[in-house]
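Examination of the molecular architecture
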Amino acid sequence: MSGSMQDKIAQLENYIMKKCLWQFHSRTWDRKRQNERILGMTRQLLLGEPVSTETPEERCYWVDAVTMAEAFKVRCPWLADMSREEIAGLMDGLYERIDFLTVTGSLNQELNDQHY
Amino acid sequence: MPYHEFKCSRCIPERKQHAVFKGKGETITDALPLGYLNTIPGSISERGCAYCGAKHVIGTPMKDVIHLSHGPIGCTYDTWQTKRYISDNDNFQIKYTFATDMKEKHIVFGAEKQLKQCIVEAFKACPHIKRMSIYQTCASALIGDDIEAIAQEVMDEMPDVDIFVCNSPGFGGPSQSGGHHKINIAWINQKVGTVEPDLLSDYVINYVGEYNIQGDQEVMIDFFNRMGVQVLATFTGNGRYDDLRAMHKAHLNVLECARSAEYICNELRKRYGTPRLDIDGFGFEPLGSSLRKVGLFFGIEDRAQAIIDEETARWKPELDWYKARLTGRKVCLWPGGSKLWHWAHVIHDEMGMDVVSVYTKFGHQGDMEKGISRCEEGALAIDDPNELEGLEAMETLTPDIIFTGKRPGEVAKKIRVPYLNAHAYHNGPWKGWEGWVRFARDIYNAVYSPIHRLALLDIGKDEIPTDKGFETQRMLSDADLPDEVRNDPVLREYTGKYNCLKDLRKKTYPPFERNVLAEAV
Ligand code: SF4
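In this report, we go over the structure that sits alongside the text. Bear in mind the structure is a predicted one, so any value in this text is a computation, not a measurement. (Residues numbered from 1 in each chain as written. Chains lettered and ligands numbered in written order. Predicted model: local features only at pLDDT ≥ 70, side-chain atom pairs only at ≥ 80, totals over all residues. Heavy atoms only, no water.)

Within chain A, the secondary structure is distributed over 4 helices and 0 strands. Relative to the 2.2 N^0.38 estimate, which gives 13 Å for 116 residues, the radius of gyration of chain A is 14 Å and therefore close to what a compact globule would have. Along the first, second and third principal axes, the C-alpha set of chain A runs to 45 × 35 × 20 Å. Within chain A, buried positions represent 53% of all 116 residues. In chain A, 68% of the contacts between residues at least 6 apart in sequence involve partners at least 24 apart. In the structure as shown, chain A presents an accessible area of about 5500 Å², 50% of it carried by carbon and sulfur atoms. Of the charged side chains in chain A, 14 are positive and 18 negative, and the gap between their average positions amounts to 4 Å. (Helix = DSSP H or I, 4+ residues; strand = E, 2+ residues; numbered from the N terminus. Rg over C-alpha atoms; globule rule 2.2 N^0.38 Å. Buried < 20%, exposed > 50% of the residue type's maximum accessible area, 1.4 Å probe, protein only. Contact = heavy atoms within 4.5 Å. Areas by Shrake-Rupley, 256 points an atom, 1.4 Å probe, with all protein chains shown as cover. Lys, Arg positive; Asp, Glu negative; His and termini not counted. Charge placed at Lys NZ, Arg CZ, Asp CG, Glu CD.)

Laid out in structure tokens, this is it:
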């Protein structure tokens, strides 16, 4: 295991901001939902918890989550040395950070536009 | 991430909020250019109008349709054939352009009669085409012609035709982006759900926000066919009008250009429950990951993996040949909207190029969020630049090449910066593994074209060397390459065909699987 929790979150954040598109939907409510569902599922996958993929909507979130969980494992070998609690803490921190970058700290003035 | 003030725009102080340098360790929450605002008076924008965005970006790529502009002839004629969205039906939609040719008398007395005559005349002139899109322009919007009523009248009289009306006049938004929005919403409101399709596969998608520039769509359809995935409709490149009326029946919307087509995906999600999957179709790794995601959705990811393995093995040595020669070359990535984020990271990762600037003509702040996140530190991000800002940026950033549209591209040439047409391409398609190598080849040919060396010399003042012969591209590109790279036995230049679509169009595929899922349950 190497680096502080903050460094680790930064590595995962870097992957998401460079490689993913799901976090950039166009409205606040939309981004919040995407972040919650996709990062939530990624957390479950990394913790080995079951993920529901019953509905098409869930399956679509799961596709991004599973791609990301796989990429995290390949790019961040230190994940394998983390305990479940540590992974849970890591993913909570990541969720908070992505929410900040894309919603609460975002300078995008269109996010709260009433029209879609 | 400080906002950047162009010297040439000091007299337009509002412009400062539209340009930002990506500083070390900074993120999009530190500074973000404004976007999707009305162009500031005094700033000569490179944008198009909302009619152009609706018709020439999204409407016209539909291939089996008469595209009729209701307005003065200049609206359609002056923008005709500026995009290379080809089709496999002999390019009907770009070969011809139709307008109602409104004149002063129509502005005074109305042009509805003229419109009806033109519709009927166009259908008579093209008896094999039974579908039409009519586009409102500033003139017909201002006089209030009721295009829907006329279209309905014709449909009542000619039951075998169907007509779509797009009310997106030039003033309907700050840029072409306003038109993208309007035509997305008009299509779903008027046409989606009016045709019930034949579902041939268990795996059915719409491919959305793809305009078949020089064959991109056909390349992607080949991959989907090889995976056994039926593409019900492509919105809109090489797309059929009636297929697009059946979009509601797909299992998944695969969205490429979110800038121009997220609206219809969002509506399909809301109205029909079809999920939206955003993908990147450019570059080896992003494309592979995108196909894998589509595969995962249907539980057939092994099929995607087989394509990834085959294509990578075939094309990687060629991409790497160009990468070795393009590494460290500086590029201004100045497209219209979505390519700023589709390409920003992957031309760096897979071709070794340094993106020194990204800009967007009509993108929204969301596009800048994506683009700035993906480009490297130090890049200058500009929203809706004017020509002088473009010149100033090129003079200070000294790029080796810019990827942009025709208008700024010709300006770049004047200061001896080579450009590639980011909208219409040079020798596309640029999607797919092979396409990505073709893109690399186009970049290589532009950066190392000896003509640019010659053009740098001014015969009025520079000394013209007479002791040297003509330099070739290889002499220029390989001059500083280590021997082991120059003579690498694995790497090679592009070996595909001049026209890589010809064989693709003849290709046949095994029938799709149908009801495998239902039987298995
Ligand atoms: S701005 Fe109006 S008049 Fe000009 S091309 Fe666009 S629709 Fe036509």
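Packed helices, taken two at a time, are described by the angle between their axes plus the distance between the axes. All names here are of chain A. Helix α4 (residues 84–104) packs onto helix α2 (residues 28–46) with a crossing angle of 165° between their chain directions and a minimal axis gap of 10 Å. The pairing of α2 with α4 is recorded here as roughly antiparallel in orientation. The element α2 and its partner α4 pack so that their crossing is right-handed. The residues of α4 that touch α2, namely those facing Thr28, Arg31, Lys32, Asn35, Glu36, Leu39, Thr42, Arg43 and Leu46, are Ile87, Ala88, Met91, Asp92, Leu94, Tyr95, Ile98, Asp99, Thr102 and Val103. Tallied by class, the residues present in the contact of α2 with α4 amount to 9 nonpolar, 4 polar and 6 charged. (Axes fitted to C-alpha atoms, helices over the stretch in contact; angles between N-to-C directions. Parallel < 35°, antiparallel > 145°, perpendicular 65-115°, else oblique. Left-handed = near helix turned anticlockwise from the far one by under 90°. Nonpolar A, V, L, I, M, F, W, Y, C, P; charged D, E, K, R; others polar.)

Further remarks concern the interface of chain A and chain B. Listed as interface residues are 33 residues of chain A and, on the opposing side, 40 residues of chain B. Together chain A and chain B conceal approximately 3100 Å² of surface at their shared face, both sides included; 53% is due to carbon and sulfur atoms. Seen at the junction of chain A and chain B, the total is 7 salt bridges. Taking the shortest distance from any N to any O, the salt bridge between Lys19 of chain A and Glu285 of chain B comes out at 3.5 Å. At the surface where chain A touches chain B, the tally comes to 17 residue pairs in polar contact (both at pLDDT 80 or more). Of all elements in the fold, only α1 (5–19), α2, α3 (56–75) and α4 of chain A reach the threshold of two or more residues within the side of chain A that touches chain B. Tallied by class, residues from the side of chain A that touches chain B come to 13 nonpolar, 8 polar and 12 charged. (Buried area = accessible area lost by both parts, 1.4 Å probe. Salt bridge = Lys/Arg side-chain N within 4 Å of Asp/Glu carboxyl O. Polar contact = N/O pair within 3.5 Å; in protein donor to acceptor, adjacent residues only side chain to side chain.)

Turning our eyes to something else, we now look at the sheet that holds strand β2 (residues 66–70) of chain B. Residues and elements named next belong to chain B. Read across the sheet, 4 strands follow the order β3-β2-β4-β5 without closing on themselves; strand pairing throughout is parallel. The open sheet has two edge strands with one neighbour each: β3 (98–99) and β5 (162–166). Both β2 and β3 contribute to a ladder of 2 bridges, which runs parallel. When the bridges of β3 are listed, Ser69 appears paired with Ala99. (Pairing = 2+ DSSP bridges.)

Residue and element names in this part refer to chain B. Side chains Leu380 and Ile382 project from strand β12 (residues 380–383) onto one buried face, and the interleaved Ala381 and Asp383 project onto a second face that is buried too. In this sheet, β12 lies alongside strand β1 (residues 19–21) in antiparallel orientation, the contact comprising 3 bridges. Its bridge partner being in β12, Val20 is matched across the sheet by Ala381. Pairing between strand β11 (residues 354–360) and β12: 4 bridges, direction parallel. Bridge pairing links Thr360 to Asp383 in β12. Regarding topology, helix α16 (residues 365–374) serves as the crossover connection from β11 to the parallel β12, and that connection is right-handed. (Right-handed = clockwise from strand over helix to strand, strands pointing away.)

Turning next to the sheet that holds β1 of chain B. All names here are of chain B. Pairing within the open sheet is mixed, and its 6 strands lie in the order β1-β12-β11-β10-β13-β14. Two strands lie at the open edges of the sheet, namely β1 and β14 (419–421), each paired on one side alone. Recorded for the sheet is a direction-independent mean angle of 15° between the axes of neighbouring strands. Across the sheet, helix α17 (residues 387–397) lies against β10 (330–333), β11, β12 and β13 (401–404), angled at about 175° from β12, the strand it touches most.

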